[in-house]
Amino acid sequence: MKDKIQDTEIPKIIGKPDLTKPLAISYVSLRCINENDRVIAADHNELLMENSTKPIKENARWIIAYYDPLWVLINHATSMCLIFDTKNKHISKPLKVNDGHRHLLLQLSSKTSKDNQIAFELLDENNPERNASIIFFVFEGLQQTFPAIDPDSISNLTANPKVKSVANIVNNFFDYIVIGSSFCSLAFIQQTKKNNPKAKILVLEKGLKYLSKHHQHCPPCSSSPRDVESRPWTICSETTQNEFIKNLHGQIPFQGGRSTYWSGWCPTPSTKELTGWPEKLKTQLQETYFDLARRFLGVIMANEIQALDNENNSIYHTFQASLKQRLDSATNIESINEVMHAPLAMGNNQLIKFSTVETLESMENVTIIHDCTVEQILHNGQRATALQTNQGIISLHNDSKLILAMSTLPATTLVLNSFKMAEFPRLSNVGKRFTAHFVSSVIVRVPRPRPSLAVNASEVELAAVYITGMKGDAQYHLQLSGVNYTQHTNDIYIHEICKKYSANSIPKECIDTSKGYVVVSCSTLGELDYKNPKNQFNLINTTNGELKLHLNEQDKELWDCMDNKTFEVMNKLSSDPNNNDLEYWHETDKTWKKDIPLSDEIRKPWIVHDASTMWIGDDEDIEASVGLDYRLHGINNVYITGGALWPTGGSWNPVLTIVAMAIHLANTIYNESKRIVC
């Protein structure tokens, strides 16, 4: 490392440190996280701006060392060195960035750095009056974000070990290799460890570590979901040109995946809602595994959430009860089936939404390798024998089992790229069925107080209600999240309460403290018809697949129905016979109006909760790609988890169900192993 740091690179104003005695050193992948733009700290004697969803390149890897009073950041791939002075808040030299449009200047921010992060500003040299764009360096793949430039924090810094790679485990034996680190991964691993505490498990994570818990409880600088999502698939041109729906929500390319960015809704589907599912599986889920999943996720009803505000008042209390009571009469609306307190994964000891990162990292005999993309499963015609990854080959021993705990489309891409249909005819329907949920979003407000709505509530309270419905055989549901607040309440405080504890997102711009209001955000989700043969996912090359989407008449009729029912439910909030006290948020011009927003304004041009590409079936379902043992047909040691398994998608939020099935998978494998031994 000393060879990489030249005397001329140390700024004269701060002197030369003793480079032989670093206080701390870490091998990391360094990224810039911007609230508005996605960038990576890469370089070629400059700082390059890159979309953070691209694969991590070698020149994005840095060594970071601390020599009092300097942080020294070294990129061995390019021999670039960045030096920061902890005392003078000074960067060693200005770094110009050419983003193709203008030159930008990187400098330490004059504002206070966030905890555990270094704050910088990007300035446009050609436009001096332009507001500085704040960015934040963080490092990923380790236990924490980059320690702040603050000498007082240095004493708490401990050296971190080098991140493990495939080269570190080439000769190791693992009972299970799990691809992915989100809900299904942890659920499977935790249940497997209960069954066999000595089991050795390898987790392959495509991304790096960014957040240690759910983003709603991370510093404000943590990026929004849309800023970090990646989409390793293509939408066919016929869909993008002719359909209202243009895309699918992306995956979260970091450790923990979607568990660090999700809403927390965890409804339990009824037997009727599991239409088309194998009867034996439905019985097992209903009798045993939904309950285990609720315990695993910490699912409680909204009226049981014990979160408190700064004055020790319950955040989900009076308003929760009154909103639920006010909406109970919605069952009188045609096609509405049930109104309930929202089931949310907020029953843990921190009262925050469940995520997998911290628990997975703390487990014994579990090895996590980051920045490891599995490109192909190698096999001998009967079982998987090795994995081709971007870091090299990983061998599977004879008794090793491979668990695909990935999101639906990446898992489907991997299967299609690994197993040719001519050799495995039972897999010929992989990707030939596809379902998901289309979404409408409405935000309404009504002045506070109103009879039976938020009477005697605290200064700020939240509520969440879940409503199910069905048009014919097609399912939909409403998930309502509300905030009520008194006049002149601090809007920042209201937003912080919403950010930490609300189920649906309630935009800060919708909070108007000139009066006391009840603001309710409603997302309505409808079931994409699984029987539509025009909805398919097909491989176009070894790393990418193409999704075709087409709304048929059932989809269009359901969408119209659920939008109408949403407004009928919203009318239940009004105390005026003509609903004149209701106002709707119009996203197009960012204003409140009494007019109901048009369909194009509330309907989202993307779908969520993709599923059914490798559905599970019993012996009678000869078209299913996966059996009731969760194994791919024809492959002895490859198992599937997640939404890809669903025979039908319903409309319910998927997490509880995919977790229940992952726990069931762990027990299925364990029980099979005991049977073989006996």
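Look up a bit, the structure's there.
The structure presented is a predicted model; accordingly, all values stated were derived computationally and were not measured.

A. Spotlight on the sheet that holds strand β24 (residues 401–404). Strands sit in the order β20-β14-β13-β24-β34 across an open sheet of five strands; the sheet is parallel. One side of each edge strand has no neighbouring strand; the edge strands of this open sheet are β20 (366–369) and β34 (638–640). Within the sheet, the average angular offset between the axes of one strand and its neighbour, ignoring direction, is 20°.

B. Structural detail: the environment of alanine 436. The topology assignment puts alanine 436 in strand β25 (residues 435–447). According to the relative accessible area criterion, alanine 436 is buried, its value standing at 1%. A C-alpha to C-alpha distance of 8.3 Å links alanine 436 and glycine 526, two positions 90 residues apart in sequence.

C. Expanded view of the pattern of salt bridges. Applying the stated criterion across every chain yields a total of 14 salt bridges. Between glutamate 509 and lysine 590 there is a salt bridge whose closest N-O contact spans 3.3 Å. Remark: lysine 590 occurs in the loop between β31 (583–586) and β32 (591–593) and glutamate 509 occurs in the loop between α9 (491–501) and β28 (517–527); sequence separation between them is 81 residues. Of the residues examined, glutamate 509 reaches a relative accessible area of 43% and is grouped as partly exposed.

D. Expanded view of unusual backbone geometry. The backbone of asparagine 312 sits at a positive phi, close to 65°, despite the residue not being glycine. The topology assignment puts asparagine 312 in the loop between β17 (300–301) and α6 (318–327). On the basis of relative accessibility, which here comes to 59%, the residue asparagine 312 falls in the exposed class. At asparagine 579, a position not held by glycine, the phi torsion is positive, near 60°. Relative to the helices and strands, asparagine 579 is located in the loop between α10 (553–571) and β31.

E. Region of the structure containing the sheet that holds strand β23 (residues 392–395). One open sheet holds the three strands; their spatial order is β21-β22-β23, and the pairing between them is antiparallel. In this open sheet, the two strands that pair with only one neighbour each are β21 (374–379) and β23. Adjacent strand axes in the sheet meet at a mean angle of 25° when their direction is disregarded. Pairing between β21 and strand β22 (residues 384–389): five bridges, direction antiparallel. When the bridges of β22 are listed, valine 374 appears paired with threonine 389.

Thresholds applied
Residues numbered from 1 in each chain as written. Predicted model: local features only at pLDDT ≥ 70, side-chain atom pairs only at ≥ 80, totals over all residues. Heavy atoms only, no water. Pairing = 2+ DSSP bridges. Helix = DSSP H or I, 4+ residues; strand = E, 2+ residues; numbered from the N terminus. Axes fitted to C-alpha atoms, helices over the stretch in contact; angles between N-to-C directions. Buried < 20%, exposed > 50% of the residue type's maximum accessible area, 1.4 Å probe, protein only. Salt bridge = Lys/Arg side-chain N within 4 Å of Asp/Glu carboxyl O.

Such coordinate-based values are descriptive only and should not be taken to indicate function.
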